[in-house]
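Summary of the model geometry
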Amino acid sequence: MNMDQESNSSSFLRHEPCEDCGSKDNKAVYTDHSYCFGCGNWKSSEGELVTVVKEIKGIIEGEYRAISKRGIKEDICQRFGYQIGQYHGKFCHIANYKNPKGEVVAQKLRLEGKKFSWVGDTEGIGFFGQHLCREGGRFLIVCEGELDCLSISQAFNGKASVVSLSHGAKSAAKTFKKHIEFLSTFDSVVICFDNDEAGREAAGDCALLLEPGKAKIVTGLPNKDANECLMQGNIKELVSAIYDAKVFRPDGIVSGDELLERLLEDKEVESIPYPWQGLQDLTHGIRQGEMVTLCAGTGVGKSSICRELAYWLIKNNKNVGYIALEESIAITVRGMIGIHVNSAPYYHNYTDEELSEAFHDANYHKQLALYDHFGSIEFENLLSKIRYMHRQMGCSHVFLDHLSIVVSGIEGDNERKLIDICVTKLRMLVEELGIALFLVSQLKRPTGDRGYEDGMAVSINALRGSGSIAHVSNQIVSAERDQGDEQEGNTTTLRVLKNRYSGTLGVACKLDYDKTTGRLTEQGTAEWSNGDVHEVSSIPF
């Protein structure tokens, strides 16, 4: 019976469940028959099943040949229904898409210039070659195009279940969703898409749709795709790449075996001790791959602390990148030289010879890199400068002073959101490069008459802006000083507010500032000389 022959006198009555496929309301009941839009069963009013023939228009005839230019044999083409023919007088390849009974329902025509056209009924088509696959097999290989499907089948001597997408990588996820029940019947689904960005992205999207552990992605193709492997004679390599495909795991997930492997590889982390014993005892040192936030009120001496640390690292043979956005590089360099010669810059009028001698004696010409920002603090540009300092100049430790100026150079009114974006990207950069980053951050104005410049203790909630600073930092150290106290006005208290490594918090030490030398010395310890260098220790992971 042809659906076009349906009587015009027949009228719709209702929807009801289908007893054949179990659908809730796909069965439409008419005055003289019923039809289920789920399973397609057509029954007379007496309940007799009637065979319905839907006319497929546009199907063209072709012939089976070997496709020599593609290295594909005739028997493989005949097995899958891949023919050669003509369409509107033009030579074309014909990929026959068949239903489970092996009947051609649609044809994908490949014309010269890699142009494609469809004929027939494409509404219900599945994967190319799906009609050959017995559901519930051990593994199924899914590739991008029909020629790749033929190539893989030929490489496996026709013994593997192989299908390909009907509309390429762009619609891969959509195709997987549509036929997820078919895919789920196999123990493994090996995704062998093209070895390019689009193919890799599509493979990941498709793998996420399958049950965990079912999807495998081929990553070791020696050529762009399966057919190119066949044409280049890399058949063994193609087969090996498919057999060696690893079970897909989303980015960032690490298996137990890999965890142990990483632990054994990285069981020790290089640690540079802090120059001040109290801070060293609480934090256990300066480690690459960590972000340390230094916070304090205005004028408490954050920059002096950063210069001392930078100088200390250079004395420990580390290359240092120093980005001071509140001052020129000339002021930064004079401050660094002052530390080396134990003389505050404003107490010493250096001659050119003295500057040059001290600069080279401190090894700044080899181990110190500065960023001359010229008033430009565009954030993405700043990130690229840090990358350059590390990759091209070997800087393992970087100082960024300070965060508020970075944020002020970004367009936008929501400071909290901008700070959140900045510190998150900085943290990602630390992970990417494996550097140690010292980030200077300001504090919020406290309520009441007393401020942090008056010696008020700093809490982690006092960090200015977003709470993400506290979340992403490995260590947070505050500097506290009462500028109005005659006896304690030159003493800075270092307090550890966060310590992800060991968890130990509290007051670490007190540093006395010498106005003449410009140096910070820990109370209760002898001042270390310029020649003293601590040994690099290995801290258990």
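Keep in mind that what you see is a predicted model, and the values were worked out from it rather than measured.

**Concerning the packing of helix α14 (residues 379–393) against helix α16 (residues 415–433)**
One can describe the packing of α14 onto α16 by two numbers: an axis separation of 11 Å at closest approach and a directional angle of 20 degrees. With respect to each other, α14 and α16 are oriented roughly parallel. The handedness of the crossing between α14 and α16 comes out as right-handed. Of the residues in α16, those touching α14 at Phe379, Glu380, Leu383, Ile386, Arg387, His390 and Arg391 are Cys422, Lys425, Leu426, Leu429, Glu432 and Leu433. Partitioning the contact of α14 with α16 into residue classes produces seven nonpolar, one polar and five charged.

**Examining the pattern of salt bridges**
It is possible for side chains of opposite charge to pair when their charged atoms get near one another. On inspection of all chains with the given rule, the structure shows 14 salt bridges. When the shortest N-O distance is used, the salt bridge between Lys224 and Asp196 registers 3.9 Å. One end of the pair, Lys224, is in the loop between β13 (215–217) and α6 (226–231); the other, Asp196, is in the loop between β12 (188–192) and α5 (197–207), with 28 residues separating them in the sequence. For Arg519, the salt bridge goes to Glu308, with nearest N and O atoms at 2.9 Å. Highlighted residues: Arg519 in the loop between β24 (506–513) and β25 (520–522) and Glu308 in helix α10 (residues 302–315), separated in sequence by 211 residues. Both residues of the pair, Arg519 and Glu308, belong to the buried class. Because the salt bridges share partners, they merge into one network encompassing Asp194, Asp196, Lys224 and Asp225.

**What about the side chain of Glu144?**
With respect to the helices and strands, the residue Glu144 is situated in the loop between β10 (139–143) and α2 (146–155). Notably, Glu144 is buried but unbridged: the nearest opposite-charge side chain belongs to Lys224, and the N-O separation is 6.2 Å. At a separation of 3.0 Å, a polar atom in the side chain of Glu144 contacts the main-chain amide nitrogen of Asp194. Not counting the four nearest positions on each side in its chain, Glu144 is found in contact with Ser164, Leu165, Gly168, Ala169, Cys192, Phe193, Asp194 and Gly199.

**Some details on the environment of Gly335**
Looking at where Gly335 falls in the secondary structure, it is placed in helix α11 (residues 329–341). A relative accessible area of 5% means that Gly335 is categorised as buried.

**Section: the side chain of Asp225**
Within the fold, Asp225 resides in the loop between β13 and α6. Each residue touching Asp225, except ones within four places of it in the same chain, is listed here: Asp148 and Asp194.

**Side note on the pairing of strand β18 (residues 320–324)**
With five of five residues buried, β18 is to be regarded as a mostly interior element. Side chains Val320, Tyr322 and Ala324 of β18 all project onto a buried face; the interleaved residues Gly321 and Ile323 project onto the opposite face, where all are buried too. In this structure, β18 lies alongside strand β19 (residues 368–370), joined through three bridges in parallel fashion. Its bridge partner being in β19, Tyr322 is matched across the sheet by Leu370. Examined bridge by bridge, β18 and strand β20 (residues 397–401) share five bridges and lie parallel to one another.

**Considerations on helix α7 (residues 235–243)**
Taken together, the buried positions of α7 are occupied by Leu238, Val239, Ala241 and Ile242. End-on, the buried residues of α7 take up no more than an arc of 160 degrees, which puts them together on one face. Seen from the open side of α7, the exposed residues pointing more than 90 degrees away from its buried face are Lys236 and Tyr243. Here the buried face of α7 lies against β10, α2, β12 and α6.

**Observations concerning unusual backbone geometry**
If you check the backbone angles, His284 has positive phi at about 65 degrees while not being a glycine. Examined against the element boundaries, His284 turns out to sit in the loop between α9 (277–283) and β16 (286–287). Positioned with a positive phi, Asn342 is a non-glycine residue whose angle comes to about 55 degrees. Here Asn342 lies in the loop between α11 and α12 (352–361).

Reading the values: the criteria
- Residues numbered from 1 in each chain as written.
- Predicted model: local features only at pLDDT ≥ 70, side-chain atom pairs only at ≥ 80, totals over all residues.
- Heavy atoms only, no water.
- Axes fitted to C-alpha atoms, helices over the stretch in contact; angles between N-to-C directions.
- Helix = DSSP H or I, 4+ residues; strand = E, 2+ residues; numbered from the N terminus.
- Parallel < 35°, antiparallel > 145°, perpendicular 65-115°, else oblique.
- Left-handed = near helix turned anticlockwise from the far one by under 90°.
- Contact = heavy atoms within 4.5 Å.
- Nonpolar A, V, L, I, M, F, W, Y, C, P; charged D, E, K, R; others polar.
- Salt bridge = Lys/Arg side-chain N within 4 Å of Asp/Glu carboxyl O.
- Buried < 20%, exposed > 50% of the residue type's maximum accessible area, 1.4 Å probe, protein only.
- Lys, Arg positive; Asp, Glu negative; His and termini not counted.
- Polar contact = N/O pair within 3.5 Å; in protein donor to acceptor, adjacent residues only side chain to side chain.
- Pairing = 2+ DSSP bridges.
- Arc of directions from axis to C-beta.

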